[in-house]
Each structure stands twice: as C-alpha cells, then as structure tokens.
Amino acid sequence: MCFCFILMTAACTAAFCQGKRFMAEMDISGLAGGKAGLCLEYGITGHWSAGGRMAVGFGQFIKDMAPLDAVHRQEFGDDLSRPAPADFLTESIHARYWPVKVMKGPYALASVSHGNISGTDFCLGCGHLMHIWRCLNLYIEYRVGMKETIKADNFPVKGLSAGISLTFGKQK
C-alpha cells in the first residue's frame, strides 16, 4: 500500500511541476458495495495516462439493520444480502489510452491489481469520462480480471464502476 501511495503522490507532484494534466477519481458505486476507492492519474502524452488506485473494504464493519427494518424490506421483496468485498485492501496500477484526447471521452485500460485475499491479477477494461462543469467529471468503467474470467463459466458482471473525478492542469 505504501508503494502505491508513493507512486500516486509522485505522479501528482510531477504533474504540477511539468504543467501536465492529472486527475483524482472517487468510485461512488464502490461505496454502495462496501469499498472506498481513490485513484490518481497523470497524463503522460496526448493520448496516454498512467495512475494508481487504492481501495479499502469497509463492508464488514457495517452493522446489520434493525429487525423491524428487515421485516419491512422483506415485505416489499427487497434482497437483504449485502455484498461484502473480497479484499480488505486492493491496489492497482494502470495505463489508459484515450483515442480523442487525454482525460476526455472514451478510453481503454490495462492494469495490474493486487488484493490481500485475491492476490495479483491482470485486468482489462474500457470506460467513458464525461465532462460536467469546470474540472468536474463523471465516469463509468467496466474492468474485468483475467484470472476471474478464466475461472468463471460465464462472463463476470461485477466489474462495473461509476464515480466522479476532478481534472487539473493544462489541456493541450
């Protein structure tokens, strides 16, 4: 975890010094699943960026709901199960290719991630970054691990994430 944090901090510092673009992301959909994630990314060239992501699972610390709430939710047909994250700590480093312009529009990514329980995995994915206002953006991303895909009988659906991001620096 320390190594990933040092790399992410160094990327932000380099971006400030060189006048390049960098981005900070927060995974909002992960919060609903019991995992808080933060990503920092640095624009290397006009179409490539590199970054790191750290996520901490907090789902096991959330108390169960009150019995009366559970009864009411079951009456309306709600599923009371809460997906617990497999890993307490997940780190990854990634590279993204932006066909239009760095940190704008669609992208493809490749990453190497490591979780304290799941181990190391190579991931591929794609996504789209949509500008909202000034430096505020929304993103949606689908990322799938190769180890997980090989083990599964069908294509896994749990790699979808969405969140907000802030971009800083010059846009060339």
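In what follows, the structure referred to is the one given above.
## Here we look at the pairing of strand E3 (residues 48-57)
At step 1: Burial analysis of E3 places 7 of its 10 residues in the buried class, the great majority of the element.
At step 2: By the bridge criterion, 9 bridges tie strand E2 (residues 35-43) to E3 in an arrangement that is antiparallel. Looking across to E3, one finds that leucine 40 is bridged to glycine 52.
At step 3: Taking the residues between adjacent antiparallel strands as the criterion, E2 and E3 are bridged by 4 residues.
At step 4: Two elements, E3 and strand E4 (residues 89-97), share 9 bridges in a ladder whose sense is antiparallel. Residue pairing across strands places valine 56 opposite leucine 89, the latter belonging to E4.

## Quick notes on the environment of leucine 31
At step 1: When you line up the elements, leucine 31 lands in helix H2 (residues 28-32).
At step 2: Residue leucine 31 is classed as partly exposed on the basis of its relative accessible area, which comes to 32%.
At step 3: The residues contacting leucine 31, other than those within four sequence positions of it, are Met26, Ala36 and Phe58.

## Concerning the environment of threonine 45
At step 1: Among the structural elements, threonine 45 can be located in the loop between E2 and E3.
At step 2: Expressed as a C-alpha distance, the spacing of threonine 45 and lysine 101, which sit 56 residues apart in the sequence, is 9.3 Å.

## Observations regarding the nonpolar core
At step 1: Counting 8 residues, the largest nonpolar core consists of Met23, Trp98, Val102, Met103, Tyr107, Leu109, Leu129 and Tyr139.
At step 2: Excluding residues within four positions of it along the chain, tyrosine 139 makes contact with Glu25, Met26, Asp27, Arg53, Tyr107, His128, Leu129, Ser161, Ala162, Gly163 and Ile164.

Reading the values: rules and limits
- Residues numbered from 1 in each chain as written.
- Predicted model: local features only at pLDDT ≥ 70, side-chain atom pairs only at ≥ 80, totals over all residues.
- Heavy atoms only, no water.
- Buried < 20%, exposed > 50% of the residue type's maximum accessible area, 1.4 Å probe, protein only.
- Helix = DSSP H or I, 4+ residues; strand = E, 2+ residues; numbered from the N terminus.
- Pairing = 2+ DSSP bridges.
- Contact = heavy atoms within 4.5 Å.
- Core = buried A, V, L, I, M, F, W, Y, C linked by side-chain atoms within 4.5 Å.

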